[in-house]
Amino acid sequence: MKPYLIISIVCCLFLATSCYEDLGNYNYDLPEEPMILGVADSVFQVSVGDSLRIHPILNHSMADTDNFSFEWQIQIAEEMRHETYTGKNLDIQFGFKAGRYLGIYSVFDNSNGMKYFYSFTIECQTQFSKGIVTLCDDNGQGKLSFVKPDSTVINNLYESLNSGMLPNNPFQLVPIINQANTNTGLTRYWFLGKDEINPGVGINANTLFFEATLEDNFFSPPNSIMPNYVYPTMLGASTGVFNNKLYLGTTSTQDISPDYGRYGNAISGDYSLAPSYIYVDFQYYLGFDIKHSQFVRFASSGAYYGVDYKVDTVGTGFNPKKPGLVSYSHMLYLNGATSYAYGIDSSNSFVEFKFMLNGDIFVTDYVRDFARPDLINESNIWIGNQLGIIYFTSNDKIYRYNPINEEVRALSADFGGKKVTMIKFVPNSDYIIAGTEGSLYYLDIGTGKGGNIARRIDGFVGAPVDVFIRE
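Residues numbered from 1 in each chain as written. Predicted model: local features only at pLDDT ≥ 70, side-chain atom pairs only at ≥ 80, totals over all residues. Heavy atoms only, no water.

A.B. asks: Lay out the overall build of the protein with the relevant residues and their values.
C.D. replies: Scanning the protein from terminus to terminus reveals two helices and 37 strands. With respect to the principal axes defined by its C-alpha atoms, the protein has extents near 115 × 65 × 50 Å. Of all 471 residues assigned to the protein, the portion counted as buried reaches 45%. The long-range fraction of contacts in the protein, counting pairs at least 24 apart against all pairs at least 6 apart in sequence, stands at 50%. In the form shown here, the protein has an accessible surface area of approximately 23500 Å², with 50% of it arising from carbon and sulfur atoms. Charge centroids of the protein, computed over 32 positive and 49 negative side chains, lie 6 Å from each other. (Helix = DSSP H or I, 4+ residues; strand = E, 2+ residues; numbered from the N terminus. Buried < 20%, exposed > 50% of the residue type's maximum accessible area, 1.4 Å probe, protein only. Contact = heavy atoms within 4.5 Å. Areas by Shrake-Rupley, 256 points an atom, 1.4 Å probe, with all protein chains shown as cover. Lys, Arg positive; Asp, Glu negative; His and termini not counted. Charge placed at Lys NZ, Arg CZ, Asp CG, Glu CD.)

Written as structure tokens, this is what we have:
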């Protein structure tokens, strides 16, 4: 072997050995990270136009030097921009709209070039950010009232803040909440009425200012619009029955887009859908076709399947494709295994159907005469909970109904002979909120309670027909 080749090999082996032996001999001393108190993952509440002051505490051995610089960035998502401020503290007049804003507090250590980032949230509120939004019927005219936390009632708000009136014959208040985007949250209320000229109005949820008519929420509005019933969806849009046809609000764009939530064409099919139907987010629609007198289903995408389902009987059962109804009343979804529908059969009896929909299988349990037909009238209002208990109104009373043993019992609340115009469960509580002419009531339906009045709010113009509670 040539001498220069041997020398080259030896040098390479020496270098390789040197590199191997040097592994692990490096020590890194990370710079001291500043500890920021009072910002990270915090939520700051402010009212529109008020001062926002955030004064973080910086714990660092060099905190008293000029080694640090600071930057605040507030994201304005709906305008696709951000506002930037400098300085250790944030002291600004908050001039943005009511809503939820994400922010980043950046700390720069100029001595070593390190950067640190801390996220926070700003909740900008108005006087309407906490309380009870109330839709009232004042002799056929829709009215907007708001109950402040101290139970003060503000009436005639829509007329005071906007030009025009709410729909006549009001029946529903629809809150639009994007539960999948915490930065968006509650954005709008729709007020609907049986009004051929003015069937619906949309207002900003924080300011109560007018934003759109119901007609504006259609890409190509039909010649006339009659709202039957509308459900808000978890994605911050809505789906509803108008003119007895099913419509879906679009969610294919960003939720800050003006087209988000608008209705396209009606779901095609040979059906005429009754106002009361079941909608389960991301699963299915189930309704009653009053044209053919049968239960019909739709996919979560809105595709019409009609009576294209299998029937499975677990009890005495019935035929959902030919239920024998001459008049349909309403439908209730209590939980994944229990739903009810009601109507009048050919013998003029008010009957109750129990069933469930499991994929493409319509599981029927029974059809039977309702236990208290003497309490049934055209103005009954029905609600049911996941535990299988149903509550319904009849004139000036509210009744608790247990379908298992067919017990019907009047709640103890006394409304002074006034007709009950609405009932609704109060979320995450043991209360029902009920309305009569001029008043709202919280009724205690907790364990061992008989529905006594726990709170009463008076002073409404008209009778409450729907509410949304903002905590």
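Having seen the structure, we can now continue with the description.
A.B. asks: I'd love a proper account of the environment of N265, names of residues and values included.
C.D. replies: By the secondary structure assignment, N265 is in the loop between β19 (245-248) and β20 (278-280). Along the sequence, N265 and P222 sit 43 residues apart, while their C-alpha atoms lie 8.8 Å from each other.

A.B. asks: So, the layout of surface pockets: which residues are in play, and what are the values?
C.D. replies: Quantified by volume, the second largest pocket comes out at close to 210 Å³. Along its surface, the second largest pocket is lined by 13 residues, and T233, L248, T251, Y279 and S300 are the ones closest to its centre. Looking at the lining of the second largest pocket, its residues break down into six nonpolar, six polar and one charged. (1 Å grid on protein atoms, 1.4 Å probe; cavity = no way out; pocket = protein on both sides within 12 Å on 5 of 7 lines; lining within 4 Å. Points joined across faces, edges and corners; volume = space filled by probe spheres on them. Nonpolar A, V, L, I, M, F, W, Y, C, P; charged D, E, K, R; others polar.)

A.B. asks: Got a sec to walk through the sheet that holds strand β11 (residues 141-147)? Specific residues and values, please.
C.D. replies: Pairing within the open sheet is antiparallel, and its four strands lie in the order β12-β11-β10-β37. Strand pairing shows two members of the sheet lacking a second neighbour, β12 (153-154) and β37 (463-470), which therefore form its edges. (Pairing = 2+ DSSP bridges.)

A.B. asks: Got a sec to walk through the side chain of T393? Specific residues and values, please.
C.D. replies: In this structure, T393 sits in strand β30 (residues 390-394). Judged by its relative accessible area of 1%, T393 is buried. Here the side chain of T393 touches I381 through a polar contact of 3.0 Å, landing on its backbone nitrogen. In this structure T393 touches S379, N380, I381, I398, V420 and I423, once residues within four positions along its chain are discounted. (Polar contact = N/O pair within 3.5 Å; in protein donor to acceptor, adjacent residues only side chain to side chain.)

A.B. asks: Quick rundown of a nonpolar patch on the surface? Include the residues and the values.
C.D. replies: Residues M35, L37 and I57 make up a contiguous nonpolar surface patch of about 280 Å² in total accessible area. Tracing the chain through its elements places I57 in strand β4 (residues 57-59). (Patch = residues over 30% accessible without salt bridge, like charges linked within 9 Å, V, L, I, M, F, W, Y side chains within 5 Å. Salt bridge = Lys/Arg side-chain N within 4 Å of Asp/Glu carboxyl O.)

A.B. asks: A description of the side chain of S439 should follow, citing residues and the corresponding values.
C.D. replies: For S439, the location among the structural elements is in strand β35 (residues 439-444). Taking relative accessible area as the criterion, S439 reaches 2% and is therefore assigned buried. If we ignore the near neighbours within four places in the chain, the residues touching S439 are K418, A434, R456, I457, D458, F460 and P464.

A.B. asks: Tell me about the pattern of salt bridges, and please be specific about residues and values.
C.D. replies: This model, assessed by the stated rule, comprises 16 salt bridges. Between D259 and R262 there is a salt bridge, with its nearest N and O atoms 3.3 Å apart. Residue classification places D259 among the partly exposed positions, given a relative accessible area of 30%. A relative accessible area of 24% places R262 in the partly exposed class. In this structure, K310 and D360 form a salt bridge, with 2.9 Å as the shortest nitrogen-oxygen distance. With a gap of 50 residues between them, K310 in strand β24 (residues 310-313) and D360 in the loop between β27 (350-358) and β28 (361-369) connect regions that are remote in the sequence. For D360, a relative accessible area of 32% gives the class partly exposed. A single salt-bridge network, built from bridges that share partners, covers E352, R368 and E406.

A.B. asks: Run through the nonpolar core, naming residues and quoting values.
C.D. replies: Note on soluble globular proteins: their nonpolar side chains tend to be buried together. Counting residues in hydrophobic clusters, the biggest one holds 24 residues, and the most contacted among them are L52, F94 and Y105. Those elements that provide at least two residues to this core are β2 (42-47), β3 (51-54), β5 (68-76), β7 (90-93), β8 (99-109) and β9 (114-125). If sequence neighbours within four positions are ignored, L52 has contacts with F44, V46, L90, D91, I92, F94 and I122. (Core = buried A, V, L, I, M, F, W, Y, C linked by side-chain atoms within 4.5 Å.)

A.B. asks: Give a description of the packing of aromatic side chains that names residues and reports values.
C.D. replies: Inspection of the entire model under this criterion finds 49 aromatic pairs. Ring geometry for Y391 versus F425: centroids 5.9 Å apart, planes at 80 degrees, classification edge-to-face. Remark: F425 occurs in strand β33 (residues 422-425) and Y391 occurs in strand β30; sequence separation between them is 34 residues. Within the aromatic cluster, the residues linked to one another by ring pairs are Y229, Y231, Y271, Y277, Y279, Y285, F298 and Y304. If you follow K245 out to its NZ or CZ, it ends over the ring of Y271, 4.0 Å from the centre. The residue whose ring lies beneath K321 is Y309, and the NZ or CZ to ring-centre distance is 5.3 Å. (Phe/Tyr/Trp six-rings, centres within 6.5 Å; stacked < 30°, edge-to-face > 60°. Lys NZ or Arg CZ within 6 Å of the ring centre and 35° of its normal.)

A.B. asks: Outline the sheet that holds strand β23 (residues 304-306), listing residues and values.
C.D. replies: Picture the strands of a sheet paired through backbone hydrogen bonds; they go either parallel or antiparallel. Taken in spatial order, the four strands line up as β20-β21-β22-β23 in an open sheet, and their pairing is antiparallel. Unpaired on one side and paired on the other, β20 and β23 mark the two borders of the sheet. For this sheet, the mean inter-axis angle between neighbouring strands, taken without regard to orientation, is 20 degrees. Two strands pair when backbone bridges link them, and β20 and strand β21 (residues 284-289) are joined in this way by three bridges, in the antiparallel orientation. Pairing of V280 across the sheet is with Y284, part of β21. (Axes fitted to C-alpha atoms, helices over the stretch in contact; angles between N-to-C directions.)

A.B. asks: Run through the environment of M80, naming residues and quoting values.
C.D. replies: Secondary-structure assignment places M80 in the loop between β5 and β6 (81-86). Spatially, the C-alpha atoms of M80 and I256 are 9.1 Å apart, while their sequence positions differ by 176 residues. For M80, the residues in contact, after removing those within four places along its chain, are Q254 and I256.

A.B. asks: Tell me about the confidence of the model for the protein, and name the residues and values.
C.D. replies: When pLDDT is averaged along the protein, the result is 92, and 93% of the positions lie at 70 or above. In this model residues 1-7 is a low-confidence stretch, pLDDT under 50, and it forms two contacts with partners more than four residues away in sequence or in other chains. (pLDDT = per-residue confidence, 0-100.)

A.B. asks: Kindly report on empty space enclosed by the protein, identifying the contributing residues and their values.
C.D. replies: One simple way to see leftover space: roll a probe sized like a water molecule over the atoms. Under the criterion given, the structure shown has one cavity of 30 Å³ or more. Here the largest cavity is characterised by a volume of approximately 30 Å³. Around the largest cavity, the lining residues are V174, W190, L192, L214, V230, S238, F242 and Y263. When residues of the lining of the largest cavity are traced back to their parent elements, those giving at least two are β14 (185-193) and β18 (238-242).

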